[in-house]
Amino acid sequence: MTAGLDTTIRPSWTPCGPPKAALEASSASWAGDPEGTGVAVNVPIPDGHADTPLVPLASRPDRSFPVRPERMAAPILWLLSNASDGVNGRRFVANDRDPDLPVAEAAEQASAPVA
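Conventions adopted
- The written sequence of each chain sets the order in which its residues are numbered from 1.
- The predicted nature of this model means local features are confined to residues of pLDDT at least 70 and side-chain atom pairs, given and counted, to a pLDDT of 80 or more, with totals for whole chains, interfaces and linings taken over all residues.
- Excluding hydrogens and water, the side-chain figures rest on all heavy atoms present in the structure.
- Numbering of helices and strands starts at the N terminus; helices are DSSP runs of H or I of at least 4 residues and strands are runs of E of at least 2.
- To sort residues, take the accessible area from a 1.4 Å probe on protein chains only and compare it with the maximum for the residue type: under 20% means buried, over 50% means exposed, and anything in between is partly exposed.
- Contacts between residues were defined by any pair of non-hydrogen atoms, one from each residue, lying within 4.5 Å.
- With residues, only the protein chains shown are counted as cover, and all accessible areas are computed by Shrake-Rupley using a 1.4 Å probe.
- Any Lys or Arg side-chain nitrogen found within 4 Å of a carboxyl oxygen on Asp or Glu counts as a salt bridge.
- By the convention used here, strands pair only if DSSP detects at least 2 bridges between them.
- Convention adopted: a line fitted to C-alpha atoms gives each axis, helices being fitted over their contacting stretch, and angles between N-to-C directions are expressed from 0 to 180 degrees.
- For patch building, the residue pool is restricted to those with more than 30% relative accessible area and no salt bridge; the joining distance is 9 Å between like charges and 5 Å between nonpolar side chains (Val, Leu, Ile, Met, Phe, Trp, Tyr).

Student: Help me understand the overall build of the protein in this model?
Tutor: Looking only at helices and strands, the protein features 4 helices and 3 strands. Ordered by position from the N terminus, the helices and strands of the protein form the series α-α-β-α-β-α-β. Counting all 115 residues of the protein, 29% fall into the buried class. The contacts of the protein with a sequence gap of at least 6 include a subset with a gap of at least 24, amounting to 48%. Carbon together with sulfur atoms contributes 59% to the accessible area of the protein, which is approximately 7100 Å² in total.

Now the structure itself:
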């Protein structure tokens, strides 16, 4: 899982941002490696500050609109299902997903090329 651009380049967030940027850039490269094998490389991201106890309350940014961990469930479950066969090299933004749309349409709406 990676993060949005604002997190990857935020001052003083070196332990968090640059590694996530590197992970997404690497994922773009890795997506081409298994071509023709049925293996896919995709990146799910919350696109917002995750509301999780892993981040200490004192260091959390504005939590007015936190992304609940369960918001990530639908995109990840879809990526793990046969319905996503052939989908490769994409990033899926959970906060952009419309839960009222059919699953495949919601995935398409909330995706873009990785990196």
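Student: What's the story with the pattern of salt bridges in this structure? I'm lost.
Tutor: In a structure, side chains of opposite charge can pair up when their charged atoms sit close to one another. Considering all chains together, one arrives at 1 salt bridge under this definition. A salt bridge links Glu24 to Arg91; the nearest nitrogen and oxygen atoms lie 2.7 Å apart. With Glu24 in helix α2 (residues 17-30) and Arg91 in strand β2 (residues 90-93), this pair connects stretches of sequence that are 67 residues apart. Its relative accessible area of 7% is what places Glu24 among the buried residues. Taking relative accessible area as the criterion, Arg91 reaches 18% and is therefore assigned buried.

Student: What is the right way to look at the environment of Pro34 in this model?
Tutor: Locating Pro34 in the fold gives a position in the loop between α2 and β1 (43-45). Residues Pro34 and Asn88 lie 54 residues apart in sequence; the distance between their C-alpha atoms is 9.8 Å.

Student: What is the right way to look at the sheet that holds β1 in this model?
Tutor: Remark on secondary structure: sheet strands pair via backbone hydrogen bonds, oriented parallel or antiparallel. Pairing is mixed across the open sheet formed by 3 strands, whose spatial order is β1-β2-β3. Two strands close off the open sheet at either side, each with one partner strand: β1 and β3 (111-113). Between one strand axis and the next, the sheet turns through 25 degrees on average, direction left out of account. For β1 and β2, the ladder comprises 3 bridges, and the chain directions are parallel. Its bridge partner being in β2, Ile45 is matched across the sheet by Val93.

Student: Could you clarify how one ought to interpret the side chain of Ser111 in this entry?
Tutor: Mapped onto the fold, Ser111 is located in strand β3. Beyond its immediate sequence surroundings of up to four residues, Ser111 is in contact with Arg90, Arg91 and Phe92.

Student: Would you mind showing me how to read a nonpolar patch on the surface here?
Tutor: A cluster of nonpolar side chains, Ile76, Leu77 and Leu80, forms an exposed patch at the surface whose accessible area comes to about 310 Å². Turning to its location among the elements, Leu80 is positioned in helix α3 (residues 73-80). Residue Leu80 is classed as exposed on the basis of its relative accessible area of 68%.

Student: Where do I start with the environment of Phe92 in this structure?
Tutor: Relative to the assigned elements, Phe92 resides in strand β2. The exposure class assigned to Phe92 is buried, which follows from its relative accessible area of 4%. Separated by 20 residues in sequence, Phe92 and Ala112 place their C-alpha atoms 6.9 Å apart. Those residues in contact with Phe92 that sit more than four places away from it in its chain are Asn42, Val43, Pro44, Ile45, Trp78, Leu79, Val87, Ala107, Ala110 and Ser111.

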